[in-house]
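What follows is the residue order along each chain.
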Amino acid sequence: MSIWRVILAIFFPPLSVLDKGCGSVVIVLLLTICGWVPGVIAALVILNNPK
């Protein structure tokens, strides 16, 4: 996980998980719409997953 991905996850979470698949983007987008903090947390969790 690079520092640029973390910064991108903080400012625009769905954009930071684009290469993780369509499902991840949709989940993070929905959580970001519901509230900014859940979207950021979900993006950081997805980015931190080594798989």
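Structural data are supplied above this passage.
In this text, all values refer to a predicted model and were calculated from it rather than measured experimentally.

Caption draft 1: Representation of a nonpolar patch on the surface. On the surface, a nonpolar cluster with roughly 1,300 Å² of combined accessible area is contributed by Ile3, Trp4, Ile7, Ile10, Phe11, Phe12, Leu15, Leu18, Trp36, Val37, Ile41 and Val45. For the nonpolar patch, the secondary structure elements donating two or more residues are helix 1 (3-11) and helix 4 (36-48). Per-element accounting of the nonpolar patch gives the leading share, 5 residues, to helix 1. If you trace the backbone, Trp4 turns up in helix 1. Residue class for Trp4 comes out exposed when judged on its relative accessible area of 66%.

Caption draft 2: Examining the packing of helix 3 (residues 22-34) against helix 4 more closely. Running from N to C, helix 3 and helix 4 point in directions that differ by 155 degrees, and their axes come no closer than 6 Å. One way to sum up the angle between helix 3 and helix 4 is to call them roughly antiparallel. On helix 4, the residues that touch Ser24, Val28, Leu31 and Thr32 of helix 3 are Trp36, Pro38, Gly39, Ala42, Ala43 and Ile46. Its residues assigned to classes, the contact of helix 3 with helix 4 comprises 7 nonpolar, 3 polar and no charged.

Caption draft 3: Representation of the state of the cysteines. For the structure on display, the rule yields 0 disulfides. Looking at the unpaired Cys22, the closest cysteine sulfur is the one in Cys34, lying at 17 Å. Given the relative accessible area of 62%, Cys22 is considered exposed. Residue classification places Cys34 among the exposed residues on the basis of a relative accessible area of 70%.

Caption draft 4: Spatial organisation of the pattern of salt bridges. The tally for this structure, following the rule as stated, stands at 1 salt bridge. Among the salt bridges present, the one from Arg5 reaches Asp19, with a minimum N-O distance of 3.0 Å. Separated by 14 residues along the polypeptide, Arg5 in helix 1 and Asp19 in the loop between helix 2 (13-16) and helix 3 bring together distant segments of the chain.

Criteria and cut-off values
Residues numbered from 1 in each chain as written. Predicted model: local features only at pLDDT ≥ 70, side-chain atom pairs only at ≥ 80, totals over all residues. Heavy atoms only, no water. Patch = residues over 30% accessible without salt bridge, like charges linked within 9 Å, V, L, I, M, F, W, Y side chains within 5 Å. Areas by Shrake-Rupley, 256 points an atom, 1.4 Å probe, with all protein chains shown as cover. Salt bridge = Lys/Arg side-chain N within 4 Å of Asp/Glu carboxyl O. Helix = DSSP H or I, 4+ residues; strand = E, 2+ residues; numbered from the N terminus. Buried < 20%, exposed > 50% of the residue type's maximum accessible area, 1.4 Å probe, protein only. Axes fitted to C-alpha atoms, helices over the stretch in contact; angles between N-to-C directions. Parallel < 35°, antiparallel > 145°, perpendicular 65-115°, else oblique. Contact = heavy atoms within 4.5 Å. Nonpolar A, V, L, I, M, F, W, Y, C, P; charged D, E, K, R; others polar. Disulfide = S-S within 2.5 Å.

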